[in-house]
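The primary structure of each chain is shown beneath.
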Amino acid sequence: MTVTIKNETDIAHMRIACRLASELLDYITPHVVAGVSTGELDRLCHNYMVDVQKTVPATLGYQPPGYPPYPKSCCISVNDVICHGVPSDEKILKNGDIANIDVTVITPAGYFGDTSRMFIVGEPSIMAKRLCAITYECMWKGIAQIKEGATLGDIGAAIAEHAHKNSMSVVREYCGHGIGQVFHEDPQVLHYGIRGQGMVLKAGMIFTVEPMINAGKRDLRTMNDGWTVKTKDRSLSAQWEHTVLVTPTGYEVLTLSAGYPALPDFIAASA
Ligand code: MF3
Ligand code: CO
Ligand code: CO
């Protein structure tokens, strides 16, 4: 496993890439309403990246080993879709839906910024609202562990403990990842683990924390398009994602912007 330590130049470029990714989600937020198709949201994101930001959508044509090329400029995962939902003009958002929009931009300098948020369409069920809120807390509980000398196991354990305490399950097949001038690089950031175990964090590492939490069981199945991943038991699933820099005393969340939602109390108090 080769984990890159970013230098000050890399970090400056990553601050820009990640802020742009977060600003893209700020831009799309007012468009996420009942009646819009996920295909239309994808077109809006694509055009904002290419025409306004002058960034490139990292997912368009992305093809990891064993996958077909990804056909769209973002992922939109609705209700029981865990991740990699492929936007489509046939998929219309309706009142009460929960949707994750996951975007990754590449700047002209060649740096990747990766972030996702949950969006609630109209009036959600109590359960849907709770799942989105707990998953948000799970991501921030994981991030709160980050500092030089902590371990990847500390992050995973904090996330899983919070999910399990709230009777929710953690998806194990997908994880966070190192990121920089490459979309997905080492380390793998599991969203479960054992405190004190796994790789020791060093200042200058940059990786994502992106827990996928299910209201039911953790089991999943992949659809015939080769990308869309759903819960096996059809229960709701939620995900939030940040790209984070490890610092000597803690962390710097890179994927923040003016429109980012309020931080949880346990983070706001320490910030
Ligand atoms: N943005 C996703 C992540 O957080 C990866 C999406 S790859 C795609 O790592 F091809 F599905 F878009
Ligand atoms: Co990611
Ligand atoms: Co992402």
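One can find the structure itself at the top, above this paragraph.
Below is a summary of the structure that appears in this document. All figures in this text were calculated on a predicted structure; none of them were measured in a lab. (Residues numbered from 1 in each chain as written. Chains lettered and ligands numbered in written order. Predicted model: local features only at pLDDT ≥ 70, side-chain atom pairs only at ≥ 80, totals over all residues. Heavy atoms only, no water.)

1. Here we look at unusual backbone geometry
Part 1: Following Asp186, the chain continues into Pro187 via a peptide bond in cis, with omega recorded as 5°.
Part 2: Position of Pro187 relative to the elements: it lies in strand S8 (residues 185-189).
Part 3: Unlike most non-glycine residues, Asn79 shows phi in positive territory, near 55°.
Part 4: Within the secondary structure layout, Asn79 lies in the loop between strand S2 (75-78) and strand S3 (81-83).
Part 5: Residue classification places Asn79 among the buried residues on the basis of a relative accessible area of 16%.
Part 6: The phi angle at His84 is positive, at roughly 60°, despite the residue not being glycine.
Part 7: Note on placement: His84 falls in the loop between S3 and strand S4 (98-106). (Helix = DSSP H or I, 4+ residues; strand = E, 2+ residues; numbered from the N terminus. Buried < 20%, exposed > 50% of the residue type's maximum accessible area, 1.4 Å probe, protein only.)

2. Some points on the site of ligand 1
Part 1: Around ligand 1 sit 14 residues in total, of which Thr59, His177, His184, Glu210 and Glu241 are the nearest.
Part 2: Asp102 has a polar side-chain atom sitting 3.1 Å from a nitrogen atom of ligand 1.
Part 3: About the coverage of ligand 1: the protein hides 96% of its 340 Å² of free accessible area.
Part 4: A class-by-class count of the residues in the shell around ligand 1 yields five nonpolar, five polar and four charged. (Near = heavy atom within 4 Å. Polar contact = N/O pair within 3.5 Å; in protein donor to acceptor, adjacent residues only side chain to side chain. Areas by Shrake-Rupley, 256 points an atom, 1.4 Å probe, with all protein chains shown as cover. Nonpolar A, V, L, I, M, F, W, Y, C, P; charged D, E, K, R; others polar.)

3. Focus: the sheet that holds S3
Part 1: The strand order across the open sheet built from three strands is S3-S12-S11, with neighbouring strands paired in antiparallel fashion. On the outer flanks of this sheet lie S3 and strand S11 (220-222), each paired with one strand and no other. On average, each strand axis in the sheet is tilted by 40° relative to the strand beside it, whichever way the strands run.
Part 2: Examined bridge by bridge, S11 and strand S12 (residues 229-231) share three bridges and lie antiparallel to one another. Note that in S12 the partner of Thr222 across the bridge is Val229. (Pairing = 2+ DSSP bridges. Axes fitted to C-alpha atoms, helices over the stretch in contact; angles between N-to-C directions.)

4. Comments concerning the coordination of the cobalt ion (ligand 3)
Note on metal geometry: ideal angles are 109.5 degrees for four donors arranged tetrahedrally and 90 or 180 degrees for six donors arranged octahedrally.
Part 1: The cobalt ion (ligand 3) binds to the protein through Asp102 (OD), Asp102 (OD), Asp114 (OD) and Glu241 (OE); the donor distances cover 2.0 to 2.4 Å.
Part 2: Every donor counted, the six donor atoms about the cobalt ion (ligand 3) form angles of 58 to 166° at the centre, which fits irregular coordination.
Part 3: For the cobalt ion (ligand 3), the single-chain donor residues occur in sequence as D-x11-D-x126-E.
Part 4: A distance of 3.3 Å spans the gap from the cobalt ion (ligand 3) to the cobalt ion (ligand 2), which Asp114 bridges by coordinating each metal. With Asp114 in strand S5 (residues 112-120) and Glu241 in the loop between strand S13 (237-239) and strand S14 (242-246), the pair connects residues that are 127 residues apart, well separated along the chain.
Part 5: What makes Glu241 buried here is its relative accessible area of 0%. (Donors = N, O, S within 2.8 Å, 3.2 Å for Na, K, Ca; no water. Tetrahedral: all angles 85-135°; square planar, octahedral: opposite > 155°, others 65-115°.)

5. Focus on the coordination of the cobalt ion (ligand 2)
Part 1: The cobalt ion (ligand 2) binds to the protein through Asp114 (OD), His177 (NE2), Glu210 (OE) and Glu241 (OE); the donor distances cover 2.0 to 2.2 Å.
Part 2: The sequence pattern describing where the donors of the cobalt ion (ligand 2) fall on their chain is D-x62-H-x32-E-x30-E.
Part 3: Overall, the relative accessible area of 5% leaves His177 in the buried class.

6. As for the environment of Ser77
Part 1: Note on placement: Ser77 falls in strand S2.
Part 2: Counting along the chain gives 153 residues from Ser77 to Lys230, while the straight-line C-alpha distance between them is 8.9 Å.
Part 3: Setting aside chain neighbours within four positions, we find Ser77 in contact with Ile82, Cys83, His84, Gly85, Ile98, Ala99 and Asn100.
Part 4: Engagement of the side chain of Ser77 in a polar contact is seen with the backbone nitrogen of Gly85, the distance being 3.0 Å. (Contact = heavy atoms within 4.5 Å.)

So, to be careful, I would describe these as geometric facts and stop short of saying anything about function.
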